[in-house]
Amino acid sequence: MSARPLMNNADCKHTRYTIRPLFVNHILLFLLVLTFCAIWYSTIYKAPALKENEDVALEVEEDEEEDVIPVVICAAAGRLGATIAAINSIYSNTNANVLFYIIGLKNSLIHIRKWIEETQLSEIQYKIVEFNPMVLKGKIHPDAAIPELLQPLNFVRFYLPLLASEHEKVVYLDDDVIVLGDIQELYNTKISTGHIAAFSDDCDLPSLQEVIQRVGIQNTYMGFLDYRKKTIQKLGISPSTCSFNPGVFVANMTEWRQQHITKKLEKWMKKNVEENLYSSTIGGGVSTPPMLIVFHEKHSVIAPAWHIRHLGLSPDEQLSQNVVQDAKLLHWNGRYKPWRSSCSHYKLWEKWFIPDPTGKFRIHRI
């Protein structure tokens, strides 16, 4: 109020001289307020901006963790060279953030760790997990034409949620594979709503059908399950239904847990012990039949090139060179393994093999 005094005409001359310093004071006050505002703005807004950047960095780190591709693979004594070759092929052909879950029995864990740490694989991310074979007690029928198929690690795939519990999606691979494509692509396989996993359909590639006919491979449920048994008949699954190969698959761990898949697989293992519903003499495996039952109409399909199989069924080259060249994953399922037989395309496998620094494992082909 004092800055604007009541004035008459007689005071006008005096007023012209007194208003200037008041005006200057207003300017100074304005500048002071402006300076204060600038300081306040810098303190309140710019500092949180840095904090936001920090938050973004944290979010990126969390996203990177979520982007980890968990790959479960077994390390069986006597076959560790296969595990090493498979891991090397995956690691060499991707820029993805892969975390290997290497599952083994107690007698092989020290050896596989030493093999990794003393070779170029020392840079991989991995966890070594001991598998307790006691979980299989009373669940495996002792009769098998191929005793190797009864080894405990053949059933690791039944217990994925327990072995890689922190992940929502997992890639499982048999040890007798070589990955030539980017594992990220396989991991990104779409699994339909309500499905537990994605497998390779045994009726997918015409080139494989030629091999199936030539070698006599089973590719239907009839080849794995004994349809003379009422328990199998009650399933209502046509014996001509195309089977799938569980040596390579991508699994949705959330659906697996919610649908209690491990318990269902164990249930069918026990039923087989009691009723002899399937055996390795029928379809060449004792871990495949319960999966065929439990995953029936609950699985999606992976791209055919991501599972070119049957390379170990014969010592002769069964697949054309074009099929092999387009393959993103090769699987030597069968009796003839590339580390102990001159089987088909064994040189492709040998390219990824890393010699054992301890000298315990050596390629010995008959």
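The paragraphs below set out a description of the structure included in this document. Bear in mind that the values here come from a model prediction, so they are computed numbers and not experimental data.

### Some points on helix α2 (residues 80-92)
Here comes step 1: The terminal C-alpha atoms of α2, which comprises 13 residues, lie 18 Å apart, in line with the 18 Å expected from a rise of 1.5 Å per residue.
Here comes step 2: All of the buried residues in α2 are Leu-80, Gly-81, Ala-82, Thr-83, Ile-84, Ala-85, Ala-86, Ile-87, Asn-88, Ser-89 and Ile-90.

### With respect to the sheet that holds strand β1 (residues 69-74)
Here comes step 1: Read from one edge of the open sheet, seven strands run β3-β2-β1-β4-β7-β6-β8, paired in mixed fashion. Among the strands making up the open sheet, the edge pair consists of β3 (125-130) and β8 (299-301). Between one strand axis and the next, the sheet turns through 30 degrees on average, direction left out of account.
Here comes step 2: Sheet analysis places strand β2 (residues 98-104) next to β3, joined by six bridges and oriented parallel. From the neighbouring strand, Phe-100 faces β3, where its bridge partner is Tyr-126.
Here comes step 3: Across the sheet, α2 touches β1, β2 and β4 (169-173), and the angle it forms with β2 is around 175 degrees.
Here comes step 4: Contacts from helix α3 (residues 106-117) reach β2 and β3 within the one sheet, and its direction differs from that of β3 by about 165 degrees.

### What to know about the nonpolar core
Here comes step 1: Formed by 52 residues in total, the largest nonpolar core has its most connected members in Val-71, Phe-100, Ile-102, Val-171, Leu-173, Ile-183 and Leu-186.
Here comes step 2: Here the element with the most residues in this core is α2; it accounts for seven residues.
Here comes step 3: Excluding residues that lie within four positions of it along the chain, Leu-186 makes contacts with Val-171, Leu-173, Val-248, Val-250, Ile-302 and Trp-306.

### Comments concerning the packing of aromatic side chains
Here comes step 1: The tally for this structure, following the rule as stated, stands at 12 aromatic pairs.
Here comes step 2: Between the aromatic rings of Trp-115 and Phe-353, the centroid separation amounts to 6.3 Å while the plane-to-plane angle is 85 degrees, which identifies the pairing as edge-to-face. Taken as a pair, Trp-115 in helix α3 and Phe-353 in the segment after α13 (346-350) lie far apart in primary sequence, 238 residues in all. Pair check on accessibility: Trp-115 and Phe-353 agree, each one buried.
Here comes step 3: Look at Phe-199 and Phe-244: their rings are 4.2 Å apart centre to centre, the planes differ by 25 degrees, and that puts the pair in the stacked class. Taken as a pair, Phe-199 in strand β6 (residues 197-201) and Phe-244 in strand β7 (residues 244-252) lie far apart in primary sequence, 45 residues in all. Here the two residues Phe-199 and Phe-244 agree in accessibility, since each one is buried.
Here comes step 4: The structure contains a cluster of three or more aromatic residues connected by ring pairs, namely Tyr-172, Phe-199, Phe-244, Phe-249, Trp-256 and Phe-295.
Here comes step 5: Between Lys-271 and the ring centre of Trp-268, over which it is positioned, the NZ or CZ distance is 5.8 Å.

### Comments concerning empty space enclosed by the protein
Here comes step 1: On inspection of all chains with the given rule, the structure shows one cavity of 30 Å³ or more.
Here comes step 2: Taken as a whole, the largest cavity spans an internal volume of roughly 50 Å³.
Here comes step 3: Lining the largest cavity we find Lys-139, Ile-140, His-141, Phe-155, Met-269, Asn-272, Tyr-278 and Val-286.
Here comes step 4: Considering only residue class, the lining of the largest cavity consists of five nonpolar, two polar and one charged.

What counts and what doesn't
- Counting starts from 1 at the beginning of each chain's written sequence and moves along it residue by residue.
- Thresholds applied to this predicted model are a pLDDT of at least 70 for local features of residues and 80 or more for the giving and counting of side-chain atom pairs; totals over whole chains, interfaces and linings are not thresholded and use all residues.
- Side-chain measures here rest on the full set of heavy atoms in the structure, leaving out hydrogens and waters.
- Strands here mean DSSP runs of E at least two residues long; helices mean DSSP runs of H or I at least four residues long; both are numbered from the N terminus.
- Expected span of a helix: the number of residues minus one, times 1.5 Å.
- Remark: exposure states derive from per-residue accessible area (1.4 Å probe, protein chains only) relative to the maximum for the residue type, with buried under 20%, exposed over 50%, and partly exposed in between.
- Here a strand pair is declared whenever DSSP counts at least two bridges between the two strands.
- Simply put, an axis is a line fit to the C-alpha atoms, just over the touching stretch for a helix, and the angle between two N-to-C directions goes from 0 to 180 degrees.
- The criterion used for residue contact is that any of the two residues' heavy atoms lie within 4.5 Å.
- Think of a nonpolar core as a cluster: buried Ala, Val, Leu, Ile, Met, Phe, Trp, Tyr and Cys residues, connected wherever their side-chain atoms sit within 4.5 Å.
- The rule is short: rings of Phe, Tyr and Trp, with Trp giving its six-membered ring, pair when the centres are within 6.5 Å, and they are stacked under 30 degrees, edge-to-face over 60, tilted in between.
- Any Lys NZ or Arg CZ that is within 6 Å of a ring centre and within 35 degrees of that ring's normal is treated as a charge sitting over the ring.
- In this analysis, the protein atoms alone were mapped onto a 1 Å grid. Cavities are point sets where a 1.4 Å probe fits without being able to get out; pockets are open sets with protein on both sides within 12 Å along at least five of seven lines; lining residues have an atom within 4 Å of a point.
- Grid points are joined across faces, edges and corners, and a volume is the space filled by probe spheres set on the points.
- In the scheme used here, Gly and all other residues not listed as nonpolar or charged are polar, with Ala, Val, Leu, Ile, Met, Phe, Trp, Tyr, Cys and Pro taken as nonpolar and Asp, Glu, Lys and Arg as charged.

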